[in-house]
Amino acid sequence: MALLVWRERHIKEKTFVIILALVVGIVAGVAALVLKTLIHLISTTLTSSINIDGGSYLYLIYPLIGIFLTVLYVKYVVRDNISHGVTRVLYAISQNKSRLKRHNMYTSVIASSITIGFGGSVGAEGPIVYTGAAIGSNLGRAFRMSPRILMILVGCGAAAGIAGIFKAPIAGMLFTLEVLMLDLTTVSVMPLLISSITAATVAYVFTGYDVEFFFVQSEPFVTGRIPFVILLGLFLGFVSLYFTRSMNMMEGVFRRLGTPWKKVLVGGGIVALLVFLFPPLYGEGYTSITGLLGGDPESIVNSSIFYKDRDSVWWILGFIAALVLLKSFATASTNGGGGCGGTFAPSLYVGCMAGFFFAYFINTVFGYDLSTKNFALMGMAGVMSGVMHAPLMGIFLTAELTGGYDLFLPLIIVSAISYGTIKFFEPYSIYTMRLAHEGKLITHHKDKAVLTLLKIDNVIETDFVSVNPGMNLKEMVNAISRSSRNLFPVIDAQGSLLGVVLLDEIRNIMFRPDLYKRMYVHQFMSLPPAVIDVSQSMESVMNAFDDTGAWNLPVVENGRYVGFVSKSKIFNSYRRVLRHYSED
């Protein structure tokens, strides 16, 4: 307590936010390092004895064991749902005042390292984003920072997580701006930069100043290849659409399975079978990406039952096409079965495979000499841009991961076209669509963002005098005398809303004593133009006001009357939230 008081007196808020961003960057960078080390340690220990010249039945066991252990850990140790990390961070920002639980600072690291180390076909980036965001949230809450600052610190943690695990500080900041959709203001830009750079520095200090994927551009890009780059962008846009929709379809299948143990058996079984047939689907798959970027397509069939066919061009093409088509099923089955991981690495993986396939196919069929390495690199940027709806992040992450800055122009072209193509079919990214359909997604659209941050519970007014349909006019006049409002809800004995009485509509009869015993509420009450449910989003509430032209609308919960919302109350709350979150 004394420390908090001293800080408030001696350190300005803007300065203190910078200090917190630095701390968040260090801690999130260490967390990313721990996660990568654990995954590599488990994976290397399990697969070091597997030969590359044939399949191994161990692949039928490892993924199932990993998912089973993860489910046990989550169910009996964590006792909380920690899947879909990025989506949960988005939910926390838009619906929970940027508050994340303390255990989220480490539980996702443990769970995802088990899942991925044992072969679960997911990425570590979603969990590290969840971890970094939780570090920022809890550090900010420890110093009693406002929700506006908590939002910035959550973004700092997420950016640091991406920067630390990929050694990509620019991509980390762009992830926060494009995927988490935090506004870039003078208050947020410096903390985001500092946390990203700090986390990347931690990674460089402990792992060396090397890029994540070794890439040497031995074949310069020439402008004559631009038409093929445009075609690649279109192709990757549809690959991104396929990846997104197949993931959603599989998630729907697993939601209908019921019991967790049935999900473990089905999900683990699917992943195990796919990994056995196609070993490059094991874990994050970064070894396969390195092989293709290094110009070694034959390595893609290492440790598989198809190893003997590695010299067949058409077999390599078919094998890579299968990886593109099946990766989404392996990823969705891993998460659906109870594993813990993200879709970041799978989108990079699919992009690399799709880009390589595109160039390899054209070279084989039409006799061109397109650089398969360059197109594989462009593919990574294209699919990530499409799946994440984040073209800038896709461009810079790919460049930072590989050092492929010489391909900046084609990376921009591919990313823009891929993003534009999928945007035509899917308005939201794979992370945001769940929340967007529920009206719980904060966006860069300032008006919608503020309405998302508003909660209907905070604008309900309950100081209305209620009446029942059996009351006569005299009792109604008595109720009017006790009220400061000109609106009266009519409810029955069970509390259900039946209608409303407007003072203006009964003014002509309320001063006629001869009608006091002859007129009853049910005779002069009317139906409200619309009824609001407490579960509705504020955007839909405002749409109801616009459609009806009403100034007050009743609110119900499961059919029972709760109170009223008014335009004036909402506008006052809107201005307060807008001013609070727009302060620089």
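Up top is the structure these notes are about.
Residues numbered from 1 in each chain as written. Predicted model: local features only at pLDDT ≥ 70, side-chain atom pairs only at ≥ 80, totals over all residues. Heavy atoms only, no water.

*Asks:* Outline the overall build of the protein chain, supporting the account with residue identities and numerical values.
*Replies:* Counting secondary structure elements, the protein chain contains 24 helices and 5 strands. Dimensions of the protein chain along its principal axes, counting C-alpha atoms only, are 100 × 55 × 55 Å. In the protein chain, buried positions account for 57% of the 584 residues. Counting only contacts in the protein chain whose residues sit at least 6 apart along the sequence, the fraction spanning at least 24 positions is 76%. If you sum the accessible surface of the protein chain, you get close to 24,600 Å²; carbon and sulfur atoms cover 61% of it. Across the protein chain, the centroid of the 45 positively charged side chains sits 9 Å from that of the 37 negatively charged ones. (Helix = DSSP H or I, 4+ residues; strand = E, 2+ residues; numbered from the N terminus. Buried < 20%, exposed > 50% of the residue type's maximum accessible area, 1.4 Å probe, protein only. Contact = heavy atoms within 4.5 Å. Areas by Shrake-Rupley, 256 points an atom, 1.4 Å probe, with all protein chains shown as cover. Lys, Arg positive; Asp, Glu negative; His and termini not counted. Charge placed at Lys NZ, Arg CZ, Asp CG, Glu CD.)

*Asks:* Describe in detail the sheet that holds strand β3 (residues 532-533), supporting the description with residues and values.
*Replies:* Pairing is mixed across the open sheet formed by 3 strands, whose spatial order is β3-β4-β5. The open sheet is flanked by β3 and β5 (560-566), the only strands paired with a single partner. Where helix α23 (residues 538-548) meets the sheet, its contacts fall on β3, β4 (552-557) and β5, and the angle it forms with β4 comes to roughly 135 degrees. (Pairing = 2+ DSSP bridges. Axes fitted to C-alpha atoms, helices over the stretch in contact; angles between N-to-C directions.)

*Asks:* Describe a nonpolar patch on the surface, with residues and values.
*Replies:* A contiguous nonpolar patch, built from Tyr57, Leu60, Ile61, Ile65, Phe68, Leu69, Tyr76, Val77, Trp261 and Leu273 and spanning about 940 Å² of accessible area, is present on the exposed surface. Residue assignment for the nonpolar patch shows that the elements contributing at least two residues are α3 (62-78) and α11 (260-277). Here the nonpolar patch gets 5 residues from one element, more than from any other, and that element is α3. Locating Tyr57 in the fold gives a position in the loop between α2 (13-47) and α3. (Patch = residues over 30% accessible without salt bridge, like charges linked within 9 Å, V, L, I, M, F, W, Y side chains within 5 Å. Salt bridge = Lys/Arg side-chain N within 4 Å of Asp/Glu carboxyl O.)

*Asks:* Before we move on, could you go through the packing of helix α7 (residues 147-166) against helix α8 (residues 169-178) and cite the residues and values that matter?
*Replies:* Running from amino to carboxyl end, α7 crosses α8 at an angle of 140 degrees, the nearest separation of the two axes being 7 Å. When the axes of α7 and α8 are compared, the crossing they make is right-handed. Judged by residue contacts, Gly155, Ala158, Ala159, Ile162 and Ala163 of α7 engage Pro169, Ala171, Gly172, Met173, Phe175 and Thr176 from α8. Taken together, the residues of the contact of α7 with α8 break down into 8 nonpolar, 3 polar and no charged. (Left-handed = near helix turned anticlockwise from the far one by under 90°. Nonpolar A, V, L, I, M, F, W, Y, C, P; charged D, E, K, R; others polar.)

*Asks:* Give a detailed account of a positive patch on the surface, specifying residues and quantitative values.
*Replies:* Judged by side-chain charge, Lys97, Arg99, Arg102 and Arg141 come together as a positively charged surface patch. Within the secondary structure layout, Arg141 lies in helix α6 (residues 125-142). You can call Arg141 partly exposed: its relative accessible area is 35%.

*Asks:* Describe in detail the pairing of β4, supporting the description with residues and values.
*Replies:* As defined by bridge partners, β3 adjoins β4 across 2 bridges and the pair is classed as parallel. By the bridge assignment for β4, Ile532 is matched with Val555. In this sheet, β5 lies alongside β4 in antiparallel orientation, the contact comprising 6 bridges. If you follow Pro554 over to β5, its bridge partner there is Phe564. Hairpin remark: β4 followed by β5, antiparallel, with 2 residues in the connecting loop; positive phi at Asn558, about 55 degrees.

*Asks:* Provide a residue-level description of the nonpolar core, including the pertinent values.
*Replies:* Generally speaking, a soluble globular protein has its nonpolar side chains buried in company with each other. Ranked by size, the top nonpolar core spans 124 residues in total, and within it Phe166, Phe175, Phe344, Phe375, Met380, Met388 and Met393 carry the most contacts. A total of 13 residues in this core trace back to one element, the largest contributor, which is helix α14 (residues 344-366). Those residues in contact with Met380, other than ones at most four positions away along the chain, are Phe213, Ile289, Leu293, Leu348, Gly351, Cys352, Thr398 and Leu401. Met476, Val477, Ala479 and Tyr516 belong to the second-largest nonpolar core, a separate cluster that totals 19 residues. (Core = buried A, V, L, I, M, F, W, Y, C linked by side-chain atoms within 4.5 Å.)

*Asks:* Pulling in residues and values, what's your account of helix α15 (residues 372-388)?
*Replies:* The end-to-end C-alpha distance of α15 is 24 Å, a good match for the 24 Å that 17 residues give at a rise of 1.5 Å each. A large share of α15 lies buried, amounting to 17 of its 17 residues. Following α15 by one or two positions, His389 adopts a phi angle in the positive range, close to 55 degrees. (Expected span 1.5 Å × (residues − 1).)

*Asks:* Could you give an account of the packing of helix α12 (residues 286-293) against α14, naming the residues involved and the relevant values?
*Replies:* Remark: α12 packs on α14, axes separated minimally by 10 Å, with the N-to-C direction vectors making an angle of 30 degrees. Classified by the angle their axes make, α12 and α14 are roughly parallel. Here the hand of the crossing between α12 and α14 comes out left-handed. Facing Tyr286, Ser288, Ile289 and Leu292 of α12, the residues of α14 in contact are Ala345, Leu348, Tyr349, Cys352, Met353 and Phe356. Taken together, the residues that form the contact of α12 with α14 break down as 9 nonpolar, 1 polar and no charged. (Parallel < 35°, antiparallel > 145°, perpendicular 65-115°, else oblique.)

*Asks:* With reference to specific residues and values, describe empty space enclosed by the protein.
*Replies:* This structure, assessed with the given rule, holds 3 cavities of 30 Å³ or more. Approximately 110 Å³ is the volume found for the largest cavity. What lines the largest cavity is a set of 14 residues, and nearest its centre among them are His84, Gly341, Gly342, Thr343 and Tyr431. Ranked by residue count, the leading element in the lining of the largest cavity is helix α4 (residues 85-95), at 3 residues. Within the lining of the largest cavity, the residues separate by chemical class into 4 nonpolar, 8 polar and 2 charged. (1 Å grid on protein atoms, 1.4 Å probe; cavity = no way out; pocket = protein on both sides within 12 Å on 5 of 7 lines; lining within 4 Å. Points joined across faces, edges and corners; volume = space filled by probe spheres on them.)

*Asks:* Quick rundown of the environment of Arg144? Include the residues and the values.
*Replies:* You can see Arg144 is positioned in the loop between α6 and α7. Spatially, the C-alpha atoms of Arg144 and Ile300 are 51 Å apart, while their sequence positions differ by 156 residues.

*Asks:* For the pattern of salt bridges, give the residues involved together with the corresponding values.
*Replies:* Pairs may arise between side chains of opposite charge once their charged atoms sit close together. Applying the stated criterion to the full structure yields 7 salt bridges. Note that Arg225 is salt-bridged to Asp369, the shortest N-O span being 2.4 Å. You can see Arg225 sitting in the loop between α9 (186-207) and α10 (226-255) and its partner Asp369 sitting in the loop between α14 and α15, a full 144 residues away along the chain. Accessibility expressed as a relative area gives 58% for Asp369, which makes it exposed. With a shortest N-O distance of 3.0 Å, Asp463 and Arg485 are connected by a salt bridge. Placement of the pair is Asp463 in the loop between α19 (446-453) and α20 (473-481) and Arg485 in the loop between α20 and β1 (487-491), with a sequence separation of 22 residues. The class of Asp463 is partly exposed, set by a relative accessible area of 44%. Overlapping salt bridges bring together Glu461, Asp463 and Arg485 as one network.

*Asks:* Break down the packing of aromatic side chains for me, citing the residues and quoting the values.
*Replies:* On inspection of all chains with the given rule, the structure shows 21 aromatic pairs. Taken together, a centroid distance of 5.7 Å and an interplanar angle of 50 degrees make the contact between Phe175 and Phe344 tilted. Pair noted here: Phe175 is in helix α8 and Phe344 is in helix α14, with a separation of 169 residues, a long-range link. Grouping residues by exposure puts Phe175 and Phe344 together as buried. Seen in terms of ring centroids, Phe238 and Phe425 are 5.8 Å apart; in terms of plane orientation they differ by 55 degrees. Their pairing is tilted. Residue Phe238 is found in helix α10, and its partner Phe425 is found in helix α17 (residues 408-425); the two are separated by 187 residues along the sequence. By relative accessible area, Phe238 is classed as partly exposed at 46%. On the basis of relative accessible area, Phe425 is assigned to the partly exposed category, the value being 35%. Within the aromatic cluster, the residues linked to one another by ring pairs are Phe278, Phe306, Trp315 and Phe319. Above the plane of the ring of Tyr349 lies Lys327, whose end atom (NZ or CZ) is 4.6 Å from the centre. (Phe/Tyr/Trp six-rings, centres within 6.5 Å; stacked < 30°, edge-to-face > 60°. Lys NZ or Arg CZ within 6 Å of the ring centre and 35° of its normal.)

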